[in-house]
Amino acid sequence: MIRKAEDKDIDCIISITKACAKRMISKGIYQWNAYYPTSKAFEKDIKRNELYVLEINHHVSGCIVISTVMDKEYVPMKWLTPNKNNIYIHRLAIHPKYQGLGYAQQLMAFAEHFAIDNNYSFIRLDTFSQNKRNQKFYELRGYKRLGDIFFPKQSKFPFHCYELIL
């Protein structure tokens, strides 16, 4: 089941993102660290009604942010479409024990249906340049890679920006 996140979910979400970070680091992918993602970011997402969680057997096991706010790092990107009527996907995470079972696909399908149901025309997101698995995941869903941005507190490596026209 996918539902809007609540304040009580924060600790579980942080536990999931820490487990994801540990797994990525074990594979040489230094995408998430002590600076990102933070409980403060998730609290802000909840206040804006943009954070959703995936429950498996009544336990929060994944999350996704569906936002209408464009981060300042995205401003210089040459998007395929105008900066209006779009949403941004952030902080997609599935607990490592459930990865590879289609749950990330479910969350992305939820986000894409959310966009269509709410008359958005475009979905934008970024993924770490060193995370080839994520790149393939988005490209197989039809997202087009456009260019790179940087989050210096996260990595010296770039993040690839993607866009899907609905």
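The structure presented is a predicted model; accordingly, all values stated were derived computationally and were not measured.

Colleague: So what's going on with the packing of helix 1 (residues 10–26) against helix 2 (residues 39–47)? Which residues, and what values?
Modeller: Axis separation between helix 1 and helix 2 bottoms out at 10 Å; the angle between their running directions is 130°. Taken together, the axes of helix 1 and helix 2 are oblique relative to one another. In the crossing of helix 1 with helix 2, the sense of the turn from one axis to the other is right-handed. Where helix 1 approaches helix 2, its residues Ile-10, Ile-13, Ile-14 and Thr-17 are matched on the opposing element by Ser-39, Phe-42, Glu-43 and Ile-46.

Colleague: Could you give an account of the sheet that holds strand 2 (residues 51–56), with specific residues and numbers?
Modeller: Ordered in space as 1-2-3-4-5-7-6, the 7 strands form an open sheet in which the pairing is mixed. One side of each edge strand has no neighbouring strand; the edge strands of this open sheet are strand 1 (2–4) and strand 6 (144–149). Taking the axes of each pair of neighbouring strands and ignoring which way they run, one obtains an average angle of 30° across the sheet. Seen against the sheet, helix 3 (residues 103–117) touches strand 1, strand 2, strand 3 (59–67), strand 4 (86–94), strand 5 (122–128) and strand 7 (159–165) and runs at an angle of roughly 160° to strand 4.

Colleague: I'd love a proper account of the layout of surface pockets, names of residues and values included.
Modeller: Reported here for the largest pocket is a volume of approximately 1,400 Å³. Taken together, 50 residues line the largest pocket, and the ones lying closest to its centre are Gln-31, Trp-32, Tyr-36, His-90 and Arg-91. Taken together, the elements giving at least two residues each to the lining of the largest pocket come down to helix 1, helix 2, strand 4, helix 3, strand 5 and helix 4 (132–140). Residue composition of the lining of the largest pocket, grouped by class: 24 nonpolar, 12 polar and 14 charged.

Colleague: I'd love a proper account of helix 4, names of residues and values included.
Modeller: Because an α-helix completes one turn every 3.6 residues, residues spaced three or four positions apart along the sequence face the same direction. Taken as a whole, helix 4 has its buried residues at Gln-135, Phe-137 and Tyr-138. Looking down the long axis of helix 4, one finds its buried residues gathered within 160° of arc, a one-sided arrangement. Opposite the buried face of helix 4, at more than 90 degrees from it, the exposed residues are Lys-132, Arg-133, Lys-136 and Leu-140. Buried residues in helix 4 make contact with strand 4, helix 3, strand 5, strand 6 and strand 7. Within two residues after helix 4, Gly-142 carries a phi angle of roughly 100°, on the positive side.

Colleague: Talk me through the environment of Tyr-35; I want residue IDs and the actual numbers.
Modeller: For Tyr-35, the location among the structural elements is in the loop between helix 1 and helix 2. Here Tyr-35 falls in the exposed class, since its relative accessible area comes to 55%. In this structure the C-alpha to C-alpha distance between Tyr-35 and Lys-153, which are 118 residues apart in sequence, comes to 6.5 Å.

Conventions used here
Residues numbered from 1 in each chain as written. Predicted model: local features only at pLDDT ≥ 70, side-chain atom pairs only at ≥ 80, totals over all residues. Heavy atoms only, no water. Axes fitted to C-alpha atoms, helices over the stretch in contact; angles between N-to-C directions. Helix = DSSP H or I, 4+ residues; strand = E, 2+ residues; numbered from the N terminus. Parallel < 35°, antiparallel > 145°, perpendicular 65-115°, else oblique. Left-handed = near helix turned anticlockwise from the far one by under 90°. Contact = heavy atoms within 4.5 Å. Pairing = 2+ DSSP bridges. 1 Å grid on protein atoms, 1.4 Å probe; cavity = no way out; pocket = protein on both sides within 12 Å on 5 of 7 lines; lining within 4 Å. Points joined across faces, edges and corners; volume = space filled by probe spheres on them. Nonpolar A, V, L, I, M, F, W, Y, C, P; charged D, E, K, R; others polar. Buried < 20%, exposed > 50% of the residue type's maximum accessible area, 1.4 Å probe, protein only. Arc of directions from axis to C-beta.

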